[in-house]
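Chain residues, written in single-letter form:
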Amino acid sequence: MQLETLANELLLDLFTYFHSVDLLRSFFGLNIRFNHLIFHHFRYHSLNLRSISKEHFDDLCHRCLPSLIDQFVSLDLSDDDETIDLPVLLLLRTQSFNLNQFIHLQSLSLFSISTFEILYDIICQCQSLAHLTHLTISSKYHDGKKNNAIDREKINDLWNRMWSLEKLRRCHLDGIPTTDSTLLISPIITTTSPLIEDLSLKNMSYNLHSLSHLCQYTPYLYRLRHITVYSYSSDDRMTLMSSSLTSMTISFGGSIPSLLDLFKHLPYLNYLRITTLRIHLDGHVWQDLIENYLCQLKKFEMKMEMDYREDYHDIEDIVDELLLTYKSSFWCREHDWYVRCHWNRSDPYKCVTLYTLPYAFDHFDYTNVSSTRSTCDHFQDKHDWSYDKVKRVDYESIETMLVDNFHLFPVQFPYVSILNIYVPLIDEQILLHFPSFDHLKSLNVCIYKSSGYDQLQEIFDRSCSSGLCSFRCQILMKNCFSTRLFQLTVAHPIQRIDLLNSRLDRRCYYYSKEECLVIVHSSLPSSLVMKCEVLLIGVKSRISIIDLIEQLSNLRVLIVECEEDRYNFVEKSSLLSPCSRDELIEWLQEHLPSTYVIRRDLHYTSRVQLWINRESKSKRIVPDQSIYTSTQANKLSQFMRSFRQLFSMDTSYIMYK
């Protein structure tokens, strides 16, 4: 059966299994019928340019976007280390496109925006988008000191421009700068949003007064998520009663009177998920707050982090007394709400974590788990012990693994996607908490003994069907460094491998030329690094940068720290001079194709980022006589001949596809 004989409905169903970039590169331009089907597909699906390779991005801009730009309804862009400068290249250069050309755009997502200036320029372009209903923005600059350097009038203008978008209903913001370095005073919003009803505010903190100000200019807001509120001053008060807000996810730090004042002004709240820090609220206090001020509340999810360092009583007695207050008829009969408590008997601060059941949060930290108790006597079957909302689990210290006891706490995490763990495991029963790794996407490992490599291989074997996308390895002791890491095998290629920050002192380990050759000349095609697309690594010699790019055929991004980099030894003040030179960047630009994007990382200045155009890898490297010896030049010549053969095979495959 030929593909062209399939009905349009079947082809459109087939299109949904393709990544948007692969779909365009495979089918756009084949004939008029497929072009019309692609037009129809993108009326309902997003153009996702996150993790796009440089050569595919260049092809998309040249061949596809001019004809399709007015068809897209949803666009996802990223400015992270995998798509370096992409928003600038796509939207902000003189010869690039402009958002006003996306005339049907309804949803815009901007991830890891690196500077305020880029964000501001894009939001200014959004004013022409008459159909925009969804806006998602995450930035990489959460530091209040950096925000102080930004023009406050521009910050206020940014927020007002977002609030003035006429059709905007859902707005999800992460780390957007505010006008105060403490992040406790909201930007001066003076424009009332006509439609925003769903708002998420991550990595931004408010007090009660600024929260009231936010609600005042967002009058149709019914769902507020991921907001953090700190309120310790007796003068900090809510000034507005919200008549629209019915759902809230909040992290709260402050006093009990401040929390009471917040709830007083949210009379229509029917869903509350709250995390508190160092506020001592027993079951009786919560009962009074809910009965008196949250009369409409139907669903209540809570987690509290408390410490009893100033209480001279034994921690076991403290926990018993605390849990007793959550066993009243209000909790167990009227609402069927139960809680669980964790604590560590050896903790001198007597920290206690208490949360409602079932566990409703996406992150679980084992730091404080050695003893546990619940108000639910029948909480015994497998369903009750399945923490299926948890996406991230942290075993972030060796001590954490020592206190774990699966028999006392047989919880399971069936849908974990991010795992942070130390190897070797003190007790392999820890892995019983994970019935499978079918959903594991990111694995962050600390190796503190050489025997950890065997257990790491076991984890790779168990995650063979998960499509593991990211692996980050930290090696705590210098004597644990071993090229054995690169002989580990994986069933499916891992896209991103991070080998930076591999020492206990957080300094980078620099791989020698010989170690880099071991990395790229592994005899096993399923070895860890051979098919990775994004690699973060430290190298002793700049020549190793060229070797890695040329030998790792799938590599589309290389982020590297080089021990030879003179940038790390120059006074930072001199780098601000317009006449200052970045010698390593200039050397790389001279020795690599002009189609690469090469820049110094804006936040970790010891790192250099390279966005690689893999179709340009065949360009001959110009030998640098100040660096190469004749023997090295001969080796390079032999390597280039081998690589050209490999590249011709790849080209044949692409043409065939």
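Whatever comes next refers back to the structure up there.
This one's a predicted model, so the numbers in the text were calculated from it and none came from an experiment.

(A) Broad picture of the packing of aromatic side chains. Scanning all chains against the criterion turns up 31 aromatic pairs. Aromatic pair Phe263 and Trp286: ring centres 6.3 Å apart, planes at 40°, arrangement tilted. You can see Phe263 sitting in helix 10 (residues 256-264) and its partner Trp286 sitting in helix 11 (residues 283-293), a full 23 residues away along the chain. When its relative accessible area of 0% is taken as the criterion, Phe263 is described as buried. With relative accessibility at 0%, the residue Trp286 sits in the buried group. Clustering of aromatic rings is evident, with ring pairs tying together Tyr355, Tyr359, Phe361, Phe364, Tyr387, Tyr395, Phe413, Phe434 and Phe437. Above the face of the Trp587 ring, Arg542 is positioned so that its terminal group lies 5.3 Å from the ring centre.

(B) Molecular detail of the pattern of salt bridges. A complete count under the given rule lists 31 salt bridges for this structure. A salt bridge links Arg237 to Asp261; the shortest N-O distance between them is 3.9 Å. Here the residue Arg237 occupies a position in the loop between strand 8 (223-231) and strand 9 (247-254), and Asp261 occupies one in helix 10, the gap between them amounting to 24 residues. Between Glu564 and Arg542 there is a salt bridge, with its nearest N and O atoms 3.1 Å apart. On the criterion of sequence distance, the pair formed by Glu564 in the loop between strand 23 (557-562) and helix 18 (572-575) and Arg542 in the loop between strand 22 (534-539) and helix 17 (543-551) is long-range, its members being 22 residues apart. A relative accessible area of 33% means that Glu564 is categorised as partly exposed. Linked through salt bridges whose partners overlap, the residues forming this network are Asp81, Glu82, Arg496, Glu533 and Arg556.

(C) Fine view of unusual backbone geometry. The amide bond that connects Leu357 to the next residue, Pro358, takes the cis arrangement and shows omega of -5°. With respect to the helices, strands and loops of the structure, Pro358 is situated in the loop between strand 13 (351-357) and strand 14 (363-365). Residues Val423 and Pro424 are joined by a peptide bond in cis, for which omega reads 5°. As for its placement among the helices and strands, Pro424 is situated in the loop between strand 17 (418-423) and strand 18 (442-447). Backbone geometry at Ser51 places phi at a positive 70°, although glycine is not the residue there. Of note, Ser51 is situated in the loop between strand 1 (47-48) and helix 4 (54-68). On the accessibility criterion, Ser51 (36% relative accessible area) is partly exposed. A positive phi angle, near 55°, is found at Lys350, a position not held by glycine.

What counts and what doesn't
- Residues numbered from 1 in each chain as written.
- Predicted model: local features only at pLDDT ≥ 70, side-chain atom pairs only at ≥ 80, totals over all residues.
- Heavy atoms only, no water.
- Phe/Tyr/Trp six-rings, centres within 6.5 Å; stacked < 30°, edge-to-face > 60°.
- Helix = DSSP H or I, 4+ residues; strand = E, 2+ residues; numbered from the N terminus.
- Buried < 20%, exposed > 50% of the residue type's maximum accessible area, 1.4 Å probe, protein only.
- Lys NZ or Arg CZ within 6 Å of the ring centre and 35° of its normal.
- Salt bridge = Lys/Arg side-chain N within 4 Å of Asp/Glu carboxyl O.

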